[in-house]
Amino acid sequence: MEKHLIALDLDGTLLTDDKHISEKNKRAIEAAIQAGHVVVIATGRPHRASLAYYHELGLTTPMVNFNGALIHHPDDKKWDAVHSPMPIRTARKIVDTCHKLDVKNIIAEVMDDVYIDRFDQYLLDLFHLEEEDDPIKVGSLTQMLEDDPTSLLIYPHENQVASIRETLEKEHAEIIEHRRWGAPYHIIEIIRKGLSKAVGLQKISHYYGIPQKNIIAFGDEDNDLEMIEYAGAGVAMGNAIAPLKEIADYTTGSNMEDGIASFLHSYLKLEVPAN
C-alpha cells in the first residue's frame, strides 16, 4: 500500500473523555507506523500540552499546534518551523472589546508562554497549569501582553458566545479566524487569518512527498473542518458535530469507541488484529 499521512486531532478524537489514549488506538497507530505510514498530531492545543501524547505514541514527526499557527518538529530544531502569530494591535482591540463586554476571562498564548487576564483557578485546572509555573503570568492583558500572540482564548458567559462571535466577524474578519470549543467550555479561540490545521498538513505532506489523496485526517469539532475537507480521507468521529459529519468522507466510532483504530484497521488493512 502507498504511504499515507495520518493526522490525529487530540481532544474528542484520539483522547478519551478522561484525556487518555486507549490501548486499542495506540496499537493501531503503532501498526500503521510499522507499515510505513506517517502519523502526526494536529491540534488546537499548544506544544506544551501535546508533547506527552507525542512521546506516548513514540512519534518522530512534525506537529501542528494552535490550529496551524505553529507548525514545527518537537525533536528537530533545524526543521523549517512556521510560527504565525496575530498582530498585537488586533489582539489589544479584541481584549478591549472583551473587557467592555465583561467576559469571564481572556487568555493569550505566545508560543508556550501563557498570559491570563485575571486569576481563575478553573482555567488553571482546565489547562493543567500552576500559577507558580514560569510560563504563566496573571494580570491585565492590556498591560502585560507585549508580543504578538499565537492565540487568544476568550472565556465568556454562555449567553455571550453568539454575540461575541458576531462582533469578531464584523470587526476583525479580515485579520482573524475564530472557533468555538464544544460544551461544556464554550471558549472562543482566535488565531491569525488564513490559518488552519489544513495549512499544517499541506506543509507536512509536501515534506514527506505524500499526495493529498493519501492524507487521512480524524476530527470532531469546527476547528477540524478545513483539515477534514482537505484530506483525501476526512474522517469524522461518531461524537463529531453535525457540520463536520456532513463534509467528511467517512464517519467512524466515537472517541470512547476506539474509532481511530476501527477505521485504520479497515482502511489500511493493517496486519495486526483490531482486538
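Residues numbered from 1 in each chain as written. Predicted model: local features only at pLDDT ≥ 70, side-chain atom pairs only at ≥ 80, totals over all residues. Heavy atoms only, no water.

By the secondary structure assignment, Asn65 is in strand β3 (residues 63-65). Taking the relative accessible area as the measure of exposure, Asn65 reaches 0% and is therefore buried. Side-chain polar atoms of Asn65 contact the backbone oxygen of Arg45, separated by 3.0 Å. Every residue in contact with Asn65, bar those within four places of it in the chain, is listed here: Thr43, Arg45, Pro46, His47, Ser50, Leu70 and His72. (Helix = DSSP H or I, 4+ residues; strand = E, 2+ residues; numbered from the N terminus. Buried < 20%, exposed > 50% of the residue type's maximum accessible area, 1.4 Å probe, protein only. Polar contact = N/O pair within 3.5 Å; in protein donor to acceptor, adjacent residues only side chain to side chain. Contact = heavy atoms within 4.5 Å.)

Once that is clear, we can look at the sheet that holds strand β4 (residues 70-72). Read from one edge of the open sheet, three strands run β3-β4-β5, paired in antiparallel fashion. On the outer flanks of this sheet lie β3 and β5 (82-83), each paired with one strand and no other. With three bridges joining them, β3 and β4 adopt antiparallel strand pairing. Each bridged residue has a counterpart across the sheet, and for Asn65 the counterpart in β4 is Leu70. (Pairing = 2+ DSSP bridges.)

A word on the environment of Ile6. Of note, Ile6 is situated in strand β1 (residues 5-8). In this structure, the C-alpha to C-alpha distance between Ile6 and Ala32, residues 26 residues apart in sequence, is 8.8 Å. If near-sequence neighbours (up to four positions away) are discounted, Ile6 is found in contact with Ala32, His37, Val38, Val39, Val40, Ile216, Phe218, Leu264 and Leu268.

Another aspect to go through is the sheet that holds strand β12 (residues 215-219). Strand order in the open sheet formed by five strands is β2-β1-β12-β13-β14, and the pairing between neighbours is parallel. Looking at strand neighbours, the two that pair on one side only are β2 (38-41) and β14 (250-251), the edges of this open sheet. Taken together, the four bridges between β1 and β2 define a ladder with parallel strand orientation. Paired with Ile6 across the bridge in β2 is Val39. Its contacts with the sheet place helix α11 (residues 259-268) against β1, β12, β13 (233-236) and β14, and it is angled at close to 160° to β12. (Axes fitted to C-alpha atoms, helices over the stretch in contact; angles between N-to-C directions.)

If you look at the biggest cluster of nonpolar residues, it comprises 26 residues, and the most contacted ones within it are Ile6, Leu8, Leu14, Ile216, Phe218 and Leu264. One finds Ala7, Ala42, Trp79 and Ala217 within the second-largest nonpolar core, a separate group that totals 22 residues. (Core = buried A, V, L, I, M, F, W, Y, C linked by side-chain atoms within 4.5 Å.)

Its 12 residues place the ends of helix α8 (residues 197-208) 17 Å apart at the C-alpha level, agreeing with the 16 Å of an ideal helix rising 1.5 Å per residue. Looking only at α8, the buried set comprises Lys197, Ala198, Gly200, Leu201, Ile204 and Ser205. What you see down the axis of α8 is that its buried residues fit within an arc of 150°, all on one side. Among the structural elements, β1, β2, β3, β4, β12 and α9 (225-230) are those in contact with the buried residues of α8. Following α8 by one or two positions, Gly209 has its phi on the positive side, about 70°. (Expected span 1.5 Å × (residues − 1). Arc of directions from axis to C-beta.)

Here the focus is the pairing of strand β10 (residues 176-180). Where burial is concerned, most of β10 is hidden: four out of the five residues are buried. Here β10 pairs with strand β11 (residues 188-192) via five bridges, running antiparallel. Paired with Arg179 across the bridge in β11 is Glu189.

Bringing the packing of helix α4 (residues 88-101) against helix α7 (residues 161-172) into the picture now. For the pair α4 and α7, interaxial distance at closest approach is 12 Å and the crossing angle is 145°. When you trace α4 past α7, the crossing you get is right-handed. Across the interface between the two elements, Thr90, Lys93, Ile94, Thr97 and Leu101 of α4 pack against Ile164, Thr167, Leu168, Glu171 and His172 of α7. For the contact of α4 with α7, a count of residues per class yields four nonpolar, four polar and two charged. (Left-handed = near helix turned anticlockwise from the far one by under 90°. Nonpolar A, V, L, I, M, F, W, Y, C, P; charged D, E, K, R; others polar.)

A cluster of acidic residues, Asp113, Glu146, Asp147 and Asp148, forms a negative patch at the surface. Looking at the element boundaries, Asp148 is found in the loop between α6 (141-144) and β9 (151-155). For Asp148, a relative accessible area of 35% corresponds to the partly exposed category. (Patch = residues over 30% accessible without salt bridge, like charges linked within 9 Å, V, L, I, M, F, W, Y side chains within 5 Å. Areas by Shrake-Rupley, 256 points an atom, 1.4 Å probe, with all protein chains shown as cover. Salt bridge = Lys/Arg side-chain N within 4 Å of Asp/Glu carboxyl O. Lys, Arg positive; Asp, Glu negative; His and termini not counted. Charge placed at Lys NZ, Arg CZ, Asp CG, Glu CD.)

By the element assignment, Lys26 lies in helix α2 (residues 23-34). We classify Lys26 as buried; its relative accessible area is 14%. Setting aside residues up to four positions removed in sequence, Lys26 forms contacts with Ile21, Glu56 and Leu57.

Using the criterion set out here, one finds 14 salt bridges in the structure. The closest approach of N and O atoms between Glu23 and Lys26, which form a salt bridge, is 3.5 Å. One end of the pair, Glu23, and the other, Lys26, are both in helix α2, three residues apart, so they sit about a helical turn from each other.

We now examine the packing of α2 against α11. Between two packed helices, what matters for the description is the angle formed by their axes and the separation of those axes. Running from N to C, α2 and α11 cross one another at 30°; their axes reach a closest spacing of 8 Å. Note on packing geometry: the crossing formed by α2 with α11 is left-handed. Residues Lys24, Asn25, Ala28, Ile29 and Ala32 of α2 form the contact with α11, whose own contacting residues are Gly259, Ile260, Ala261, Leu264, His265 and Leu268. Across the contact of α2 with α11, the residue classes break down as seven nonpolar, three polar and one charged.

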